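Secondary and tertiary structure notes
Now for the letters of each chain:
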Amino acid sequence: MRKSFYPLLDLVYPKSCPGCHLPSISICDSCKSFWQQPPISITLRKSQVSDLLVVSVAQYRDEVRAVLLAYKEDGQREAGKVLREALLQARRGISNPSVCAFVPIPSNPKSVRRRGRDFMLDLCNQVAIQSGDQVLSIIKVNRDVQDQSKLSEKERSQNLVGAFDCTPKNLKLLAKFPIILVDDLLTTGATLREAQRALRQRGLIPIGAITAAHTARLVRN
Ligand SMILES: [Zn+2]
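Being a predicted model, the structure only gives us computed values, none of them experimental. (Residues numbered from 1 in each chain as written. Predicted model: local features only at pLDDT ≥ 70, side-chain atom pairs only at ≥ 80, totals over all residues.)

Points about the overall build of the chain
Selection criterion: Under the scheme used here, helices are H or I runs from DSSP no shorter than 4 residues and strands are E runs no shorter than 2 residues, and both carry numbers assigned from the N terminus. Partly exposed residues are those falling between the two cut-offs: more than 12 but fewer than 20 other C-beta atoms within 10 Å of their own, whereas 20 or more means buried and 12 or fewer means exposed, with C-beta atoms placed from the backbone. By the criterion used throughout, residues are in contact when their C-beta atoms, derived from the backbone, lie within 7 Å.
In terms of regular secondary structure, the chain is built from nine helices and eight strands. A total of 221 residues make up the chain; the buried ones form 38% of that total. In the chain, 71% of the contacts between residues at least 6 apart in sequence involve partners at least 24 apart.

This is the structure in structure tokens:
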């Protein structure tokens, strides 16, 4: 569970900002501003043969991480609202006016059991209601994978090789739509590349990916 950095303040002011944990009835303006940036495009070069365009909004920092965790681990509504808006903003950055299919990046089944929900699927469904897109959750984790956050860039890629597969259900339906992969955070690109590989194995090529946040290291173009 997320721990507040300011436990005493939490006692005095039960409501705090999910980003900086300072007293606030909702997310504070300063933390909100990190999520209200114009979307940026990042190209994962020669990712699984072809490039993959990723559109993302918030640059990773402590306050952004705290909001991601507040929604991911605690399902906090305010945090969810910010992530939903960021993904909508990123979706607008992919210039495809037709109805697309969101394919959420799956969480490790153990995490889904612990949290009692698949937070990416929940987010995708919320965003799709507003964007008018479809959600087809067809990528599954087919073996045990370690927590990516504790691994180096090289280890992340190795950890995920062959980790995803597509369920046969809805594959034909998915082929009718332009596909957009959806994840919360872009770090090294290893997760999106593995998802792209799993789709390609079924003859499907995504037109791009959207993430709510990204680390600075991939922002070069
Ligand atoms: Zn704040």
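Having seen the structure, we can now continue with the description.
Section: helix α6 (residues 119–131)
Selection rule: A helix is expected to span 1.5 Å multiplied by its residue count minus one. An arc is given here, and it is the one of the directions from the helix axis to the C-beta atoms.
With 13 residues, α6 should reach 18 Å at 1.5 Å per residue; the first-to-last C-alpha distance of 18 Å fits that figure. Phe119, Met120, Leu123, Cys124, Val127 and Ala128 are the residues of α6 that are buried. For α6, the arc enclosing every buried residue in end-on projection is 160°, short of the 170-degree limit, so these residues lie on one face. Looking one or two residues beyond α6, the residue adopting positive phi is Gly132, at roughly 80°.

Quick word on the sheet that holds strand β4 (residues 134–135)
In any sheet, the strands associate via hydrogen bonds between backbone groups, in a parallel or an antiparallel arrangement. Where we set the bar: If DSSP finds at least two bridges between two strands, the strands pair. As a rule, the C-alpha atoms of each element are fitted with a line to give its axis, helices using only the stretch in contact, and angles between N-to-C directions run from 0 to 180 degrees.
Ordered by their spatial adjacency, six strands build an open sheet running β1-β2-β8-β7-β3-β4, and the pairing between neighbours is mixed. Since the sheet does not close on itself, it has two edges, and those belong to β1 (40–44) and β4, each with one partner. As judged from the five bridges shared by strand β2 (residues 52–59) and strand β8 (residues 208–214), these two strands associate in the parallel manner. Counterpart to Gln59 in the pairing with β8 is His214. Along the sheet, helix α4 (residues 77–92) contacts β2, β7 (179–186) and β8; its crossing angle with β8, the most-contacted strand, is approximately 140°. Together, β3 (101–104), β4 and β7 form the strand contacts of α6, whose direction differs from that of β3 by roughly 165°.

With respect to helix α3 (residues 62–74)
With 13 residues, α3 extends 17 Å between its outermost C-alpha atoms, agreeing within 8% with the 18 Å of an ideal straight helix rising 1.5 Å per residue. Along α3, the positions that sit buried rather than exposed are Glu63, Val64, Val67, Leu68, Ala70, Tyr71 and Lys72. Looking at the packing, one finds that the buried side of α3 touches α2 (29–34), β2, α4, α6, β7 and β8. Positive backbone phi, at 60°, marks Gly75, one or two positions downstream of α3.

Examining the pairing of β3
Of the two faces of β3, the one lined by Ala101 and Val103 and the one lined by Phe102 and Pro104 are each fully buried. The sheet contact formed by β3 and β4 spans two bridges and is parallel. Within β4, the residue paired with Ala101 across the bridge is Gln134. Relative to β7, β3 runs parallel, the two being bridged by four bridges.

Some remarks on the nonpolar core
The condition that has to hold: Only buried residues count toward a nonpolar core: Ala, Val, Leu, Ile, Met, Phe, Trp, Tyr and Cys, linked into one set through C-beta atoms within 7 Å.
One finds Ala86, Leu87, Val103 and Val182 to be the most contacted residues of the largest nonpolar core, which totals 55 residues. Beyond its immediate sequence surroundings of up to four residues, Leu87 is in contact with Leu123, Val127, Val182, Ile210 and Ala212.

Remarks on the packing of α4 against α6
Rules: Each angle receives one of four descriptions, namely roughly parallel if under 35 degrees, roughly antiparallel if over 145, roughly perpendicular if within 65 to 115, and oblique otherwise. Note on convention: the crossing is left-handed when the near helix lies turned anticlockwise from the far helix by less than a right angle, right-handed when the turn is clockwise.
At their nearest, the axes of α4 and α6 sit 9 Å apart, and the two run at 55° to each other. In terms of axis orientation, α4 runs oblique to α6. The handedness of the crossing between α4 and α6 is right-handed. Residues Leu83, Arg84, Leu87, Leu88 and Arg91 of α4 form the contact with α6, whose participating residues are Leu123, Gln126, Val127, Gln130 and Ser131.

So, the pairing of β2
Side-chain positions along a regular strand alternate between the two faces of the sheet. β2 sits mainly inside the fold: six of its eight residues count as buried. Here β1 pairs with β2 via five bridges, running antiparallel. The residue bridging Ile42 from the neighbouring strand is Val54, located in β2.

The analysis is restricted to geometry; functional conclusions fall outside its scope.
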